2 protein chains.
Amino acid sequence: MPDDQSPTGRHTQKGVVSPGSLNPNLRRIRKKPWRLEDYTSGIQRGDRVTLAKAITLIESTRREHQALAQQIIEACLPMSGQSVRIGITGTPGVGKSTFIEAFGLHVLKEGRKLAVLAVDPTSQVTQGSILGDKTRMEQLAHQENAFIRPSPAGESLGGVARKTREAIILCEAAGYDTILIETVGVGQSETAVHSMTDFFLLLLLPGAGDELQGIKRGIVEMADLAVVNKADGERLPLAKQAKQEYRNAMHLFPPKESEWVARVEICSATTGMGIPEVWKDIQAYQEQTRANGYFEHNRRAQARYWLHETINRELRQLFFNHETVRSQLEEVERQVMNGQQSSFHAAEALLQAFREQK
Amino acid sequence: MPDDQSPTGRHTQKGVVSPGSLNPNLRRIRKKPWRLEDYTSGIQRGDRVTLAKAITLIESTRREHQALAQQIIEACLPMSGQSVRIGITGTPGVGKSTFIEAFGLHVLKEGRKLAVLAVDPTSQVTQGSILGDKTRMEQLAHQENAFIRPSPAGESLGGVARKTREAIILCEAAGYDTILIETVGVGQSETAVHSMTDFFLLLLLPGAGDELQGIKRGIVEMADLAVVNKADGERLPLAKQAKQEYRNAMHLFPPKESEWVARVEICSATTGMGIPEVWKDIQAYQEQTRANGYFEHNRRAQARYWLHETINRELRQLFFNHETVRSQLEEVERQVMNGQQSSFHAAEALLQAFREQK
């Protein structure tokens with residue numbers, strides 16, 4: 001039994017806001033189950049406990065939780081959207097959590113409210129590596145205007161991405177105007193994060209000029225800003241050199257639809273050097289893309305993308321969970337692979353069975 | 001009305017085998033429509049006119065043609081598979097048709113039977129540019145053991161790819177042991193061709209060391225062999241230099257699942273220099289991958305891939321042609337893009353309508 005079956009089945013983690021239902025005070029006050037208005041009014045007030053509890057509903061696989069979660073999302077939708085959504089990626093060891101802590105504390109000082117979410121489809125296997133480490137971001141987690149939430153458990157990237165995207169809506173409705181979405185620097189989760197954020201930040205290490213080749217080219221192309229972290233002490237000259245190399249490499253990419261020219265910065269998350277520049281770049285990006293219309297255009301295109309992405313995913317689910325399809329698929333695949341049936345003929349037959357009894 | 005509505009509605013082209021139904025001799029002999037056995041026995045005999053006529057059935061959109069085409073394919077399936085399937089791509093101007101002519105005449109001399117097919121989803125727009133030029137491959141087209149077929153008309157890459165993959169089965173059943181699938185060096189058609197061939201050949205021009213950047217990196221990575229064409233006269237030193245540069249670049253790619261190390265050759269399709277080496281490389285590839293099991297493994301994986309690809313495509317067709325979905329989609333998209341409905345909620349509603357009346 002996966003531990004996301006129930007909103008009360010989660011582990012609590014120090015420095016990470018717990019789901020409301022685990023809060024003993026709430027238990028004492030309320031006996032009856034929360035209704036839609038309890039959630040929406042709490043979220044509107046910016047209550048972090050209610051927000052956490054609502055996100056837990058989103059992450060639940062129980063049907064009645066899902067139904068209520070969808071109502072909450074629809075109710076929050078008109079209050080959402082007023083934020084900048086920032087995607088952050090980088091290979092393990094690049095110092096992502098230290099960076100997020102330093103960056104987060106900076107934007108709080110600038111008067112922003114910050115929510116940190118994550119998309120990590122592997123977190124179920126690795127027991128929630130992203131944002132799951134108790135010692136991570138401890139300072140940030142204790143700030144009143146910060147909300148940190150680990151990656152939802154989920155078997156598929158599609159499922160995890162969906163839950164994160166829904167959580168963004170609730171965070172925005174709760175007044176968070178700066179949303180960070182973290183992901184690991186491997187695989188397809190970057191594409192998912194890129195398609196739900198306004199700005200994409202790639203964290204890099206100093207040295208290793210050929211490191212750019214280690215990261216998938218597609219991911220580097222997505223970046224609006226590359227930040228060379230750990231630019232301190234002996235590594236500072238190396239970081240400066242890396243900045244120049246990355247800048248040269250990134251100028252070879254075709255221009256972006258946003259007309260934004262990707263920038264490269266150096267920073268040290270431990271000394272704080274370069275952190276204000278990162279925030280300035282994000283503000284410059286917003287200014288430019290809001291002026292030329294790309295910011296809004298991109299948000300609309302993303303909404304449409306997720307509509308079609310969801311249709312694709314659920315349509316496939318519907319098909320492959322169909323009784324006849326389930327019972328025949330393995331044998332049909334075997335026949336197709338052995339050349340006993342053509343791929344197209346076999347597909348037609350399965351689709352016919354699916355059509356006949358939906 | 002598109003001209004692929006009927007097998008008799010095609011243009012004839014000099015040097016390209018015409019569909020049988022346009023052959024006056026056949027018209028005179030047979031009054032009644034061809035039955036399954038007429039097709040299969042003709043194909044088994046290696047009769048090019050029957051083969052062309054059967055492929056025209058595959059390309060027809062008429063329901064009764066499709067039904068008969070599927071029967072022919074199923075009947076041919078046990079006789080298919082005994083060939084090497086070679087994908088060829090390269091940007092316009094690289095001399096693809098001249099190369100195919102030179103290469104084709106060489107393999108015929110080696111005692112092979114050659115079929116040349118094409119995947120070009122843009123051919124409908126450009127009036128069939130690939131293999132459609134009357135003056136192309138004239139020598140090859142007149143050889144008894146060669147069969148040349150232009151890219152089928154089709155609105156989607158999926159449709160075109162499917163038709164080409166079905167044509168491969170018929171060509172193999174007709175005794176063609178060397179199948180060339182040509183495509184243009186742009187867009188996604190390379191991926192489709194790669195997923196239906198055993199060996200992928202990339203044609204390149206001499207000079208332009210940075211040309212590799214013009215071709216999508218993913219396409220270069222697919223290549224089992226890169227051939228620098230036009231290595232003649234003044235361009236020979238340039239071609240030799242390009243060969244070295246491409247070799248260096250390609251060695252940076254991760255090793256292939258086939259364990260084959262991609263090669264680079266130079267050739268001149270006009271003088272014939274280097275053409276035998278290309279064929280030797282393809283034979284070496286076959287020898288190695290048949291010995292290590294990859295050849296067969298890849299064919300099976302491709303069959304499974306096309307099963308799922310077809311399911312995906314037709315499932316989406318089923319959904320988006322659904323009456324309620326069709327009537328609501330535009331409005332739903334508008335609402336989602338304006339933030340009046342969440343992507344997920346909207347997708348659920350459309351899927352619900354689809355489920356209720358299939």
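It should be emphasised that the depicted structure is a prediction, and the values quoted were computed from it without experimental measurement. (Residues numbered from 1 in each chain as written. Chains lettered and ligands numbered in written order. Predicted model: local features only at pLDDT ≥ 70, side-chain atom pairs only at ≥ 80, totals over all residues. Heavy atoms only, no water.)

Draft legend 1. Quick peek at the packing of helix α13 (residues 294-320) of chain A against helix α13 (residues 294-320) of chain B. One way to put it is that α13(A) packs onto α13(B) with a least axis distance of 10 Å and a crossing angle of 110°. One way to sum up the angle between α13(A) and α13(B) is to call them roughly perpendicular. Pair α13(A) / α13(B) crosses with right-handed handedness. Taken together, the residues of α13(B) that come into contact with α13(A) (itself represented by H308(A), I311(A), N312(A), L315(A), R316(A), F319(A) and F320(A)) are H308(B), I311(B), N312(B), L315(B), R316(B), F319(B) and F320(B). Of the residues that constitute the contact of α13(A) with α13(B), the class distribution is eight nonpolar, four polar and two charged. (Axes fitted to C-alpha atoms, helices over the stretch in contact; angles between N-to-C directions. Helix = DSSP H or I, 4+ residues; strand = E, 2+ residues; numbered from the N terminus. Parallel < 35°, antiparallel > 145°, perpendicular 65-115°, else oblique. Left-handed = near helix turned anticlockwise from the far one by under 90°. Contact = heavy atoms within 4.5 Å. Nonpolar A, V, L, I, M, F, W, Y, C, P; charged D, E, K, R; others polar.)

Draft legend 2. Broad picture of the pattern of salt bridges. Counted by the stated rule, this structure contains 30 salt bridges over all chains. The closest approach of N and O atoms between D232(A) and R235(A), which form a salt bridge, is 2.7 Å. The partner of R149(B) in a salt bridge is E59(B), with the nearest N and O atoms 3.1 Å apart. Note that R149(B) is positioned in the loop between β3 (146-148) and α7 (157-173) and E59(B) in helix α3 (residues 48-59), a separation of 90 residues in sequence. By the burial criterion, R149(B) is buried, and E59(B) matches it. Each of the salt bridges in this network shares a partner with another, and the network as a whole consists of R162(A), E166(A), E314(A) and E348(B). (Salt bridge = Lys/Arg side-chain N within 4 Å of Asp/Glu carboxyl O. Buried < 20%, exposed > 50% of the residue type's maximum accessible area, 1.4 Å probe, protein only.)

Draft legend 3. Quick peek at helix α5 (residues 96-109) of chain A. All names here are of chain A. With 14 residues, α5 extends 20 Å from end C-alpha to end C-alpha; this agrees with the ideal 20 Å at 1.5 Å per step. Counting buried positions along α5 gives eleven out of 14 residues, so the element sits mostly inside the fold. Within the span of α5, buried status applies to K96, S97, F99, I100, E101, A102, F103, G104, H106, V107 and L108. Residue G111 follows α5 closely and has a positive phi angle near 90°. (Expected span 1.5 Å × (residues − 1).)

Draft legend 4. The relation of the copies chain A and chain B, seen in detail. With an axial shift of 0.0 Å and an RMSD of 0.1 Å, the rotation relating chain A to chain B amounts to 180°. The two molecules are tied by a two-fold rotation axis, judged by turn and shift. Looking at chain A, 100% of its interface residues are interface residues in chain B too, so the copies touch through the same face. (Least-squares fit on C-alpha atoms with pLDDT ≥ 70 in both.)

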